[in-house]
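Now for the letters of each chain:
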Amino acid sequence: MTTATTTVPYTLTRVGTVMEPDPSNPHEVAGVLNPASGRTPDGRLHLLPRLVAEGNVSRVGLAEVELTDGVPTGVRRRGEVLAPDEGWERGAANAGVEDPRTTWVPSLGAAGTHVMTYVAYGPLGPKPALAVSTDLEHWTRLGPVQMAYQPDLDTDLNLFPNKDVVWFPEVVPDPDGVPSYAVLHRPMWDLGWIRPGETTHLPAGVDDERPGIWISYVEAAAAQADLSALTRPRKHRVLAMPEFDFEALKIGAGPPPVRVAEGWLLLHHGVVGYVPPGFDPTTQQVSYAAGAMLLDPEDPSRVLARTSEPLMSPETDDERTGVVSNVVFPTAIEEVDGVTYVFYGMADAKIGVARLERLR
């Protein structure tokens, strides 16, 4: 987890807002935010936004990105692709399939597979789950993610809420050099929300209770033989912890890592402020900003560099005022005509887009 002193030579520049709630749709009245993305077999770019109804019930929608002179400027809604239909995605007073992230993995399946991670907000709070698709419209659930037991951690990672789960798009070496698919995730160690009076339980070797980014692996051969192997990651280790002022409270992964000249570029969010017990985002007094890391292509668990200042912080009205104010939350990254765009949640209410550029 050692960070080198080299810089991260990338910038984010705002382009505009591409999606906001449709007041006539009851499934959107509480916000559209934090989208995944991908292309349908005909090459058309789509977002898969989180749609929030009253009562904080979330679904995953599908919206084709509209371009003006090659620049994303809006969307055309194409319906919904995932709802909290399974019992483990619902509780007595909550339900949701939240914050999807999708990675196109060309080496999975006969012609490639979209792998979606999402947060199943069920009886025990937020837990990661997986679904797969070849066309973005029809999704097959693989089920909840079950982290393999690892004795040296002296705990079961499945006890804990977990968010910000995202896959690398290519096979990478695991810590033992085995070709694998790597996944990033963000466990949270305080169990007091589910068992009043319970304390924070840290894995062996971890002395910072703030949520950070972890990396785990699934052997490529196993996943290529059976996609359900993706639900059983192993070889867990810490990738990065909060380190700079804009990350003082916690950090989490953003869009799928992108291969660049320097290695793997990972956009992430850093959070400052106060989060009370529980998982009601409207009670938080926080600020979310976007940062970036470069990961070693030969060992993606090694951080080569990271931004000490955010690439983008809440500044516009749409980013500063919403369901949760002061939020810039990057979740999707796509290239259009040679230009890279990042789609991000704005104050848990709307979706914005920014241009990602390399400094010359």
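Conventions we followed
Residues numbered from 1 in each chain as written. Predicted model: local features only at pLDDT ≥ 70, side-chain atom pairs only at ≥ 80, totals over all residues. Heavy atoms only, no water. Phe/Tyr/Trp six-rings, centres within 6.5 Å; stacked < 30°, edge-to-face > 60°. Helix = DSSP H or I, 4+ residues; strand = E, 2+ residues; numbered from the N terminus. Buried < 20%, exposed > 50% of the residue type's maximum accessible area, 1.4 Å probe, protein only. Salt bridge = Lys/Arg side-chain N within 4 Å of Asp/Glu carboxyl O. Pairing = 2+ DSSP bridges. Axes fitted to C-alpha atoms, helices over the stretch in contact; angles between N-to-C directions. pLDDT = per-residue confidence, 0-100. Contact = heavy atoms within 4.5 Å. Core = buried A, V, L, I, M, F, W, Y, C linked by side-chain atoms within 4.5 Å.

By the definition in use, this model includes 4 aromatic pairs. With a centroid separation of 5.7 Å and 65° between ring planes, the pair formed by Trp189 and Trp214 is classed as edge-to-face. In this pair, Trp189 sits in the loop between β12 (179-187) and β13 (213-219) while Trp214 sits in strand β13, placing the two residues 25 residues apart along the sequence. The residues Trp189 and Trp214 share a single accessibility class, namely buried. Ring pairing ties together the aromatic residues Phe160, Trp189 and Trp214, which thus form one cluster.

Take the pattern of salt bridges next. By the definition in use, this model includes 23 salt bridges. Note that Arg78 is salt-bridged to Glu137, the shortest N-O span being 3.3 Å. With Arg78 in strand β5 (residues 71-82) and Glu137 in the loop between β8 (125-133) and β9 (140-144), this pair connects stretches of sequence that are 59 residues apart. By relative accessible area, which is 36% here, Glu137 ends up partly exposed. Residues participating in the shared-partner salt-bridge network are Asp42, Arg44, Glu64 and Arg76.

Moving on to unusual backbone geometry. Glycine aside, negative phi is the norm for most residues, and most peptide bonds take the trans geometry. One non-glycine residue, Asn56, lies in positive phi territory at about 60°. Take Asn56: it is sitting in the loop between β3 (45-53) and β4 (57-68). Phi at Leu136 takes a positive value of approximately 75°, unusual for a residue other than glycine. Note that Leu136 resides in the loop between β8 and β9. With relative accessibility at 0%, the residue Leu136 sits in the buried group.

Turning our attention to the sheet that holds strand β1 (residues 10-19). Judged by pairing direction, the sheet is antiparallel, and its 4 strands sit side by side in the order β1-β22-β21-β20 without closing on themselves. This sheet does not close on itself; its edge strands, each paired only once, are β1 and β20 (328-336). Between one strand axis and the next, the sheet turns through 30° on average, direction left out of account. Across 8 bridges, β20 lies against strand β21 (residues 339-346) in antiparallel orientation. Within the sheet, the bridge partner assigned to Val336 lies in β21 and is Val339.

The next thing to look at is the confidence of the model for the protein chain. Per-residue confidence for the protein chain gives a mean pLDDT of 95, with 97% of residues at or over 70. Note on residues 1-5: pLDDT is under 50 here. Beyond four places in sequence and across chains, it has 14 contacts.

Time to look at the nonpolar core. Core analysis: the biggest nonpolar cluster contains 25 residues, and Leu108, Val115, Trp167, Tyr181 and Leu230 have the highest contact counts within it. When residues of this core are traced back to their parent elements, those giving at least two are β8, β10 (162-167), β12, β13 and α1 (220-225). Beyond its immediate chain neighbours, meaning those up to four positions away, Leu108 contacts Thr113, Val115, Tyr181, Ala223, Gln224, Leu227 and Leu230.

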